[in-house]
Amino acid sequence: MFLPFFENLREAGIPVSLREYLTFLEAVKAGLVTYDIEGFYYLARTAMVKDERHIDRFDRAFSHSFKGLEDLPLGDVLEAVDIPPDWLEKLAEKHLSAEERAEIESLGGFDKLMETLKERLKEQEARHQGGNKWIGTAGTSPFGAYGYNPEGVRIGQNESRHKSAVKVWDKREFKNLDGDVELGTRNIKVALKRLRRWARDGAHDELDLDGTIRATAEHGYLDVKTRPERRNAVKVLLFLDIGGSMDPHIKMVEELFSAAKSEFKHFEHFYFHNCLYEGVWKDNARRWDQQTPTWEVLRTYGADYKCIFVGDASMSPYEVAYPGGANEHWNAESGQVWLERTREHWSNNVWINPVPEKYWGYTHSIGMIQEIFENRMHPMTLDGITAAMRELL
């Protein structure tokens, strides 16, 4: 029954293995999601999707595999899947109020409801619209779409209108998530989690279960052992372009900043405008009178930090290549010199660009920054952030 679903997943480019498919079948056989189509979706996704980038492909394959009931004789569908007699009763307990369950008895109970449906399918030979008996649309028959009946089965309708259908056969409301979409806060956190190096330091405040069992067995009495909590030991230094052409990207960069602060224990950030020069700052309101010399940042943070630049790299080429090229002050040394110094000090470095990659070739300064960073520039998408995190490792 589920082999076409498995084949659709493979055709959609999801690397699902036979072992994962068998795991899914075992879970279905165990009855984990009986009478719950949404639970069935999540069970299938959990068993057969191992990478967040494939969730959107899975949704499309899932929809393709289980849609189309509105185009098939429903009687054949019911016979093919062998729906148990208590399907509607189970569903009613979950979705219908006591008043609605009482009202549905007007047809003589759930068994009578399904029997009536099958009988009318046999009698009906063409599409029907309106009325109160045939299966169709815009009527009051219990079977169809875009009409009203308190005890209906919705078929061929993409949304609920009266919230009274007994079973929504073809409803699908799953949010797209793919590797080339721009990031949201959740996606950013998923991508940043790839940059991890676990270490145990600090106070011994976590139970060491394995150590406790071993020590108890060796000593003959309960010997409780503790250990430091495991934390992400990666150190991140974030340089953020602010103002000007970056204004349209504020929301996206804010989400990246928020996700990075919550994800890394050792995290520092500084702002710059367009290109890195002799000074950076932490407070944009005091950017002129409370700047931190870039040399001081280079001396303060060790070479073990992962250095991430975030900016659109869109500026006059003079701002990168020449002394005095900065558009707000006189810079004694070019931006290229300062960027090369930071790359030499923090060898693990990347530039993340919120401008879609397909537009990079139209801005000369983006090409210049790419050359300085030896093509270690990545777009601010799920695939781009993932590639950047791999490069930093």
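Everything that follows concerns the structure shown earlier in this document.
Residues numbered from 1 in each chain as written. Predicted model: local features only at pLDDT ≥ 70, side-chain atom pairs only at ≥ 80, totals over all residues. Heavy atoms only, no water.

**With respect to the overall build of the protein**
- Across its full length, the protein carries 16 helices and 15 strands.
- Here the protein holds 393 residues, and 45% of them are scored as buried.
- A total of about 21400 Å² of accessible surface is found on the protein, and carbon and sulfur atoms cover 49% of it. (Helix = DSSP H or I, 4+ residues; strand = E, 2+ residues; numbered from the N terminus. Buried < 20%, exposed > 50% of the residue type's maximum accessible area, 1.4 Å probe, protein only. Areas by Shrake-Rupley, 256 points an atom, 1.4 Å probe, with all protein chains shown as cover.)

**Considering unusual backbone geometry**
- We note that Asn 274 has phi near 70°; this positive angle belongs to a residue other than glycine.
- With respect to the helices and strands, Asn 274 occurs in the loop between strand 10 (266-272) and strand 11 (279-280).
- According to the relative accessible area criterion, Asn 274 is buried, its value standing at 5%.

**Here's the deal with the packing of helix 2 (residues 18-29) against helix 3 (residues 37-48)**
- Axis separation between helix 2 and helix 3 bottoms out at 8 Å; the angle between their running directions is 150°. By the angle between their directions, the pair helix 2 and helix 3 is classed as roughly antiparallel. Where helix 2 crosses over helix 3, the handedness of that crossing is right-handed. Contacts from Glu 20, Tyr 21, Phe 24, Ala 27 and Val 28 in helix 2 reach Phe 40, Leu 43, Ala 44, Ala 47 and Met 48 in helix 3.
- Classifying every residue of the contact of helix 2 with helix 3 gives nine nonpolar, no polar and one charged. (Axes fitted to C-alpha atoms, helices over the stretch in contact; angles between N-to-C directions. Parallel < 35°, antiparallel > 145°, perpendicular 65-115°, else oblique. Left-handed = near helix turned anticlockwise from the far one by under 90°. Contact = heavy atoms within 4.5 Å. Nonpolar A, V, L, I, M, F, W, Y, C, P; charged D, E, K, R; others polar.)

**Notes on the pattern of salt bridges**
- For the structure on display, the rule yields eight salt bridges.
- Between Glu 333 and Arg 341 there is a salt bridge; the shortest N-O distance is 2.6 Å.
- What makes Glu 333 partly exposed here is its relative accessible area of 30%.
- Arg 376 is the partner of Glu 391 in a salt bridge, and the nearest nitrogen-oxygen pair spans 3.7 Å. Here the residue Glu 391 occupies a position in helix 16 (residues 382-392), and Arg 376 occupies one in the loop between helix 15 (364-372) and strand 15 (377-379), the gap between them amounting to 15 residues. (Salt bridge = Lys/Arg side-chain N within 4 Å of Asp/Glu carboxyl O.)

**Let's talk about the sheet that holds strand 13 (residues 306-310)**
- An order of 10-9-13-14-15 is seen for the five strands of this open sheet, with the pairing classed as parallel. A single partner strand is all that each edge strand has here, and the edge strands are strand 10 and strand 15. Within the sheet, the average angular offset between the axes of one strand and its neighbour, ignoring direction, is 25°.
- Bridge count for strand 13 against strand 14 (residues 349-353) is four bridges, and the pairing is parallel. Bridge pairing in strand 14 links Phe 309 to Trp 351.
- Here helix 11 (residues 250-263) sits on the sheet and contacts strand 9 (235-241), strand 10 and strand 13; the angle it forms with strand 10, its principal contact strand, is near 155°. (Pairing = 2+ DSSP bridges.)

**Some thoughts on the packing of aromatic side chains**
- Counting across every chain of the model gives 26 aromatic pairs.
- Taking the centre distance of 5.9 Å and the plane angle of 65° together, the rings of Phe 272 and Phe 309 count as edge-to-face. Residue Phe 272 is found in strand 10, and its partner Phe 309 is found in strand 13; the two are separated by 37 residues along the sequence.
- Here the aromatic residues Phe 2, Phe 5, Phe 6, Tyr 21, Phe 24, Phe 40, Tyr 41, Tyr 42, Phe 58 and Phe 62 are joined through ring pairs into a cluster of three or more.
- Of note, Lys 282 hangs over the ring of Phe 270, and the distance from its end group to the ring centre comes to 4.6 Å. (Phe/Tyr/Trp six-rings, centres within 6.5 Å; stacked < 30°, edge-to-face > 60°. Lys NZ or Arg CZ within 6 Å of the ring centre and 35° of its normal.)

**What about the side chain of His 378?**
- Position of His 378 among the secondary structure elements: in strand 15.
- Within polar-contact distance, the side chain of His 378 engages the side chain of Glu 391 at 2.6 Å.
- With residues near it in sequence (within four places) discarded, His 378 still touches Val 350, Trp 351, Ile 352, Asn 353, Trp 360, Gly 384, Ala 387, Ala 388 and Glu 391. (Polar contact = N/O pair within 3.5 Å; in protein donor to acceptor, adjacent residues only side chain to side chain.)

**Focus on the pairing of strand 9**
- Taking burial as the measure, the seven residues of strand 9 include six buried ones, the bulk of the element.
- Relative to strand 10, strand 9 is paired through seven bridges, and the arrangement is parallel. Across the sheet, residue Leu 237 finds its bridge partner in strand 10, namely Glu 268.
- Note that the unit made of strand 9, helix 11 and strand 10 has a crossover that is right-handed.
- Both strand 9 and strand 13 contribute to a ladder of five bridges, which runs parallel. (Right-handed = clockwise from strand over helix to strand, strands pointing away.)

**Brief notes about helix 10 (residues 209-219)**
- Listed as buried for helix 10 are Gly 211, Thr 212 and Ala 215. All buried residues of helix 10 project into a common sector of 100° when viewed along the axis, lining one side. Across helix 10 from its buried face, at more than 90 degrees, point the exposed residues Leu 209, Asp 210, Ile 213, Arg 214 and Ala 217.
- For helix 10, the elements touching its buried residues are strand 6 (206-207). (Arc of directions from axis to C-beta.)

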